[in-house]
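Structural overview for review
Listed here are the chains, written in short residue letters.
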Amino acid sequence: MDTFEKIERTRHFGEMFLLWLWYRSDINDTVFYLSDGSAVILAIDNQLTLESKMTEMERTVISGGAPSDSREAYEALRQGKVVSHMKLRLQRDEKEWVFVLCGATLDISSLKIPALMTKADDEKLYERMGLVEEVDALIRGLYEQFLSIRLDPDKWKAEEAGIVDWIERKAAGAEE
Amino acid sequence: MGSLEGGLSFRTFYVEGEPPNDFQEAYLAHLTNHFFEPLTPMGEEERSVGWVPTQDPIADGFRRDQVFFNQFIVFSMRIDKWALPAPWVKALTRQAIAERLPELEEKEAERQKAEGKLRPSAKLSKREKDKIKLEVITNIKHKILPAMKVIDVVWNISECTVRFWSTSQAVCDEFAELFEATFGLALHQDSPFLMAKQLGLEEKELDTMVNAEPWHPDFQ
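A quick note: this is a predicted structure, and the numbers were derived from the prediction, not measured.

Time to look at the overall build of chain A. Within chain A one finds five helices and six strands. Starting at the N terminus and ending at the C terminus, chain A contains elements arranged as α-α-β-β-β-α-β-β-β-α-α. In terms of C-alpha radius of gyration, chain A reaches 17 Å, essentially the compact-globule figure of 16 Å for 176 residues. If you line up chain A on its principal axes, its C-alpha atoms span 50 × 45 × 35 Å. Buried positions account for 32% of the 176 residues belonging to chain A. Partitioning the intrachain contacts of chain A with sequence separation of at least 6 by distance along the chain shows that 52% fall at a separation of at least 24.

What follows is the structure, encoded as structure tokens:
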């Protein structure tokens, strides 16, 4: 199997990663601990897109308010839809990033970075790129944590059960 | 834009291969070899793609201090294309044909008469009409500027990553092709698989990923 095929076959890991972030953010009160022991706060912002892999183009876009609390979102999960895009709010220390993460590609779009302190062009470049690379590293840290669970059969079995239970509870009791 | 100001939507690429020791000299020459070439009204090209300085996308060359910032190499991909106003092309072509029709018809009728046709019917050929349309388009191109798109590129040479400020698949593919042609280095777009590889997962774990089926919750 060539690399291209491997890339295509594993795109669902990105979509599963988004669902896992949503689940963990909800049950852990938005707090994640990275492998270096530092904590980040990650919350679903006001935009969530779910897509059906069975029926092409069947898409549920939930925006405004708290889409991750809506019954529609959990119903879409119950119907087998996967999370294709999710707007996230990520905080570490005093810094906050807001961005849309794409499941299939792990692209970051519409990223808002913390306010810059510098004015000069070259300093601005270093600061902007530093903040871009920092959020990228945080996402990688979270993805690494997800993979350590997803690729361990025992850990994943427990996680699976937790996710199914969570979806059922939320679909039954979430806000309209 | 994106690296210095404006929106931040980007795709990450991994660069395969090491930069040479004199990479500043070599890469500046490579960028210059693939510098953007402007479109001209008389030219046949409808679209042009090449590299430009991020800080001055209409400059006619690179300065070293615009490109190298410690571990970062910064430049932009400029894409120009003629965006002709279709209603104007149509209206002006119709007008030009109407203006020249009597003269052209007269010539055609005379030619047919000379050939001995008793009832000459002169119609403007498709070729003639296309020629007039081309003249109209060239005139319009003299009056407008091409549509310009400038997309930033930031290459972190120590991390072997490139960030490209677009998430459009078609534009990303064109960028990767131009990058490879320019520097002779292969680029790979980030993905769940490549990110896992980059994180240092072992071959066995990567194989597990490849063989895993998509997970769907089972609500039995």
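This next bit is on the packing of helix H3 (residues 71–78) of chain A against helix H5 (residues 153–173) of chain A. Residue and element names in this part refer to chain A. In contact at an axis separation of 8 Å, H3 and H5 are set at 135° when each is read in the N-to-C sense. Here H3 is positioned oblique relative to H5, judged by the angle of their axes. The two elements H3 and H5 meet at a crossing, and its hand is left-handed. In this structure, H3 contributes Arg71, Tyr74, Glu75, Leu77 and Arg78 to the contact, and H5 contributes Ile167, Lys170 and Ala171.

Looking now at the environment of Ala83(B). Checked against the element boundaries, Ala83(B) lands in the loop between strand E4 (72–81) and helix H3 (86–114). Remark: the alpha-carbon pair of Ala83(B) and Glu105(B), spanning 22 residues in sequence, is separated by 33 Å.

This paragraph deals with the domain arrangement of chain B. As assigned here, chain B comprises domain 1 (11–83 + 150–211) and domain 2 (86–143). A separation of 47 Å is found between the C-alpha centroids of domain 1 of chain B and domain 2 of chain B.

Counting from both sides, the interface comprises 39 residues of chain A and, opposite them, 32 residues of chain B. Those elements that provide at least two residues to the side of chain A that touches chain B are helix H1 (3–9), helix H2 (11–27), H3, strand E6 (108–112), helix H4 (121–150) and H5 of chain A. A per-element tally of the side of chain A that touches chain B places H4(A) first, with 12 residues.

This part takes up H5(A). Residues and elements named next belong to chain A. The end-to-end C-alpha separation of H5 is 30 Å, in line with the 30 Å expected for 21 residues at 1.5 Å each. Listed in full, the buried residues belonging to H5 are Ile163, Ile167 and Lys170. Looking straight down H5, one finds that the buried residues subtend no more than 75° of arc, so they occupy a single side. In H5, the exposed positions angled more than 90 degrees off the buried face are occupied by Asp154, Lys157, Ala158, Ala161, Asp165, Arg169, Ala172 and Gly173.

Further remarks concern the pairing of E6(A). All names here are of chain A. Both strand E5 (residues 95–102) and E6 contribute to a ladder of three bridges, which runs antiparallel. Bridge pairing links Val98 to Lys112 in E6. Turn length for the E5-E6 hairpin, with the two strands adjacent in sequence and antiparallel, is five residues, and the turn residue Leu106 shows positive phi of about 60°.

What counts and how
- Residues numbered from 1 in each chain as written.
- Chains lettered and ligands numbered in written order.
- Predicted model: local features only at pLDDT ≥ 70, side-chain atom pairs only at ≥ 80, totals over all residues.
- Helix = DSSP H or I, 4+ residues; strand = E, 2+ residues; numbered from the N terminus.
- Rg over C-alpha atoms; globule rule 2.2 N^0.38 Å.
- Buried ≥ 20, exposed ≤ 12 C-beta atoms within 10 Å, placed from the backbone.
- Contact = placed C-beta atoms within 7 Å.
- Axes fitted to C-alpha atoms, helices over the stretch in contact; angles between N-to-C directions.
- Parallel < 35°, antiparallel > 145°, perpendicular 65-115°, else oblique.
- Left-handed = near helix turned anticlockwise from the far one by under 90°.
- Domains from an automatic or database assignment.
- Expected span 1.5 Å × (residues − 1).
- Arc of directions from axis to C-beta.
- Pairing = 2+ DSSP bridges.

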